[in-house]
Amino acid sequence: MTEGSPMKLILGFSVPLLFGYLFQQLYNLVDTMIVGQFLGVDALAAVGATGSINFLIIGFCNGVCSGFALPVAHRFGAKDYKTLRKLYANSIWLSVIFAVVMTALTVIFCRPILTLMRTPANIFEYSYQYILIIFIGIPATYLFNLTSGMIRALGNSRAPLIILVISSFLNVILDLVFILNFNMGVAGAAAATVLSQVVSGIICVIYIRKKVEMLQLSKDEWRMEKREMAELFNAGVPMGLQYSITAIGSVILQSAVNTLGSDAVASVTAASKISMFIVCPFDSMGATMATYGGQNAGGYKLDRLHKGLGSCIILGAVYSVIGLLIIAAFGPHLLKLFVSGSETGILADAQHFLLINGLFYFPLALVNIVRFMIQGMGFGFFAIIAGVLEMAARTLVGAVFVPIFGYNAACFASPLAWIFADCFLIPAYFVVWNRMKRHREAYRPGVGSGWDCHGETCR
C-alpha cells in the first residue's frame, strides 16, 4: 500500500475485502431469510429486536480486533518485523482476556438488557434465545476477527475472503439443518452463526501457521510485554468504543421502534438486512483505508494520504448512486426474501425505510472512508468523537422524534447520524494531516505508539 497508484492499490485490496463483507452479511441474511420464511413474522421481529445490542457487543469485538491490527500494519510499513511479532503475540493475550470478560458479563445480563430495551412480550423469549447464543459465541468472534485482521494488516485480503466463503456455505447448511431438521427455531440460527465463525477462525489459525512466516512466533515472543500491551490497548479499545458508542444510539432507537409493535420491528429488520448487504462496499472501503493509512503513516509517506483518500471518495460517490438504483429497482423483490408477499404493509414500510436511507448513501461513504483513514493514521480519539455524534443523532431521533412522528422518524435516524459524523470528520482529517506535517521532522517512525513526538503521544 506504500508504493504504486493509490486507486489501483485501493481497488485491488478492497475488492477481495468486499466479497468478504458480502459473505459476512450472508451469515445474517441467511439467518434472517430462513427465520422469516420458515418461523414467521414474530421470529423475524425477535431476531431484529436484538440487532442493535448485537451491534453494540459484537461491534466492540470487531472494532477491538481491527484496532489491534493497526500497530501491526504500522510496523509492517516501517519494516520492523520483530516488534510486529511481539504485537501479534500480545494481541492474542489481550483478545483472550477481553473474550472471557465480555462473555461472562453479557450472558449474565442478557435478560435484563432485553427488558430495558422494551422488547415486545410476544417476541421476548425468541429474542433471548437468539442473542444468548450469540453472546456465548463471543470467543469465536474474537478468534476469527483477530486472525483475519492480522492477515489483512500484512496486505493479504484474499485469504480471509476464501475462508469466509467456506464458512458462509457452512452457515447456510447449518441453518437449514438446525431449523428445518432439528426444529431448533431461532436458537438454531444463532448456533449456525457461532459454529461457522469457529470454523473460519480455526482455518485462519491454520493458514497463519502454514503460510504466514512473518507471524511465526518464537517462545520468547509469546511473553506478555507491558509496552506492546499498552500500544495495542490504546489502538484497539478506541476503535471498539467507536463501534459501541455508535451502537448505543442504535439501542436507544431500537427501544423506540420496539414501542411501535412487532410489525414495525419486522419492517426495520427486513430493510436493515437488505441495506447492510448493499452498503458492504462502504465497509470494504473503510477497512481498506485503515490499512492504507496505517501502512503509509508507518512508512512515513504522508504525501500519499491525500491521494488515497481522494481516490476512495470517488469510488464511494460512484457506488452511492449505484446503491440507490439497486434499492429503487430491486428493493421490493429483495424484501420478499424475508417477509411473505401477503404482508403488504410490512413490505411497503420496509421499502420506504430503504429508499430514505439510500438517498443518503454518500454521507455514509464519507463516514467509513474518512473515519477509518483517521483511525489508520493513529488518531483513534477523533474517530470516537465521530461515534459520539452518531450516537447523539440516533438518540435524539429515538427519544424525541419517534414518539412524536412514529415510523417515519425512525427512517431518518441513520441519515442524520451520518451527516452529524461527517460534519466533524471532514475537518478533523485536515487537522490530523496538518498536525503530522507540522511535526514531520520530529517524528521517528516505528518508535513507541505509532508516531513519536519526542515522548509526547500524537494520538
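Notes on the structure follow.

Thresholds applied
Residues numbered from 1 in each chain as written. Predicted model: local features only at pLDDT ≥ 70, side-chain atom pairs only at ≥ 80, totals over all residues. Heavy atoms only, no water. Helix = DSSP H or I, 4+ residues; strand = E, 2+ residues; numbered from the N terminus. Expected span 1.5 Å × (residues − 1). Buried < 20%, exposed > 50% of the residue type's maximum accessible area, 1.4 Å probe, protein only. Contact = heavy atoms within 4.5 Å. Axes fitted to C-alpha atoms, helices over the stretch in contact; angles between N-to-C directions. Parallel < 35°, antiparallel > 145°, perpendicular 65-115°, else oblique. Left-handed = near helix turned anticlockwise from the far one by under 90°. Nonpolar A, V, L, I, M, F, W, Y, C, P; charged D, E, K, R; others polar. Lys, Arg positive; Asp, Glu negative; His and termini not counted. Salt bridge = Lys/Arg side-chain N within 4 Å of Asp/Glu carboxyl O. Phe/Tyr/Trp six-rings, centres within 6.5 Å; stacked < 30°, edge-to-face > 60°.

Compared with the 21 Å implied by 1.5 Å per residue over 15 residues, the 21 Å span of helix H13 (residues 344-358) between its first and last C-alpha is a close match. Of all the positions in H13, only Ile346, Leu347, Ala350, Gln351, Phe353, Leu354, Ile356, Asn357 and Gly358 are classed as buried. Summarising the contacts, the buried residues of H13 are in contact with helix H2 (41-49), helix H10 (262-278), helix H12 (303-335), helix H14 (361-377), helix H16 (407-411) and helix H17 (413-438).

In this section: the packing of H10 against H13. Close contact between H10 and H13 brings their axes to 8 Å; oriented N to C, the two are set at 45°. When the interaxial angle is binned, H10 and H13 end up oblique. Between H10 and H13 the crossing geometry is right-handed. Seen from H10, the contacting residues are Asp263, Ala266, Ser267, Val268, Ala271, Ser272, Ile274 and Ser275; seen from H13, they are Ile346, Asp349, Ala350, Phe353 and Leu354. For the contact of H10 with H13, the per-class residue count stands at eight nonpolar, three polar and two charged.

Moving on, we come to the side chain of Glu228. Of note, Glu228 is situated in helix H9 (residues 226-258). This buried residue, Glu228, is left without a salt bridge; Arg227 holds the nearest opposite charge, at 5.2 Å. The residues touching Glu228, leaving out its near neighbours within four places in the chain, are Thr83, Lys86, Leu87 and Asn90.

Attention shifts here to the packing of aromatic side chains. The way to describe two aromatic rings as a pair is by their centre distance and the angle between their planes. Taken as a whole, this structure holds 12 aromatic pairs when the rule is applied. Ring geometry for Phe282 against Tyr361: centres 5.9 Å apart, planes inclined by 70°, an arrangement best described as edge-to-face. Of this pair, Phe282 sits in helix H11 (residues 280-298) while Tyr361 is found in helix H14, placing the two residues 79 residues apart along the sequence. Taking the relative accessible area as the measure of exposure, Phe282 reaches 1% and is therefore buried. We classify Tyr361 as buried; its relative accessible area is 1%.

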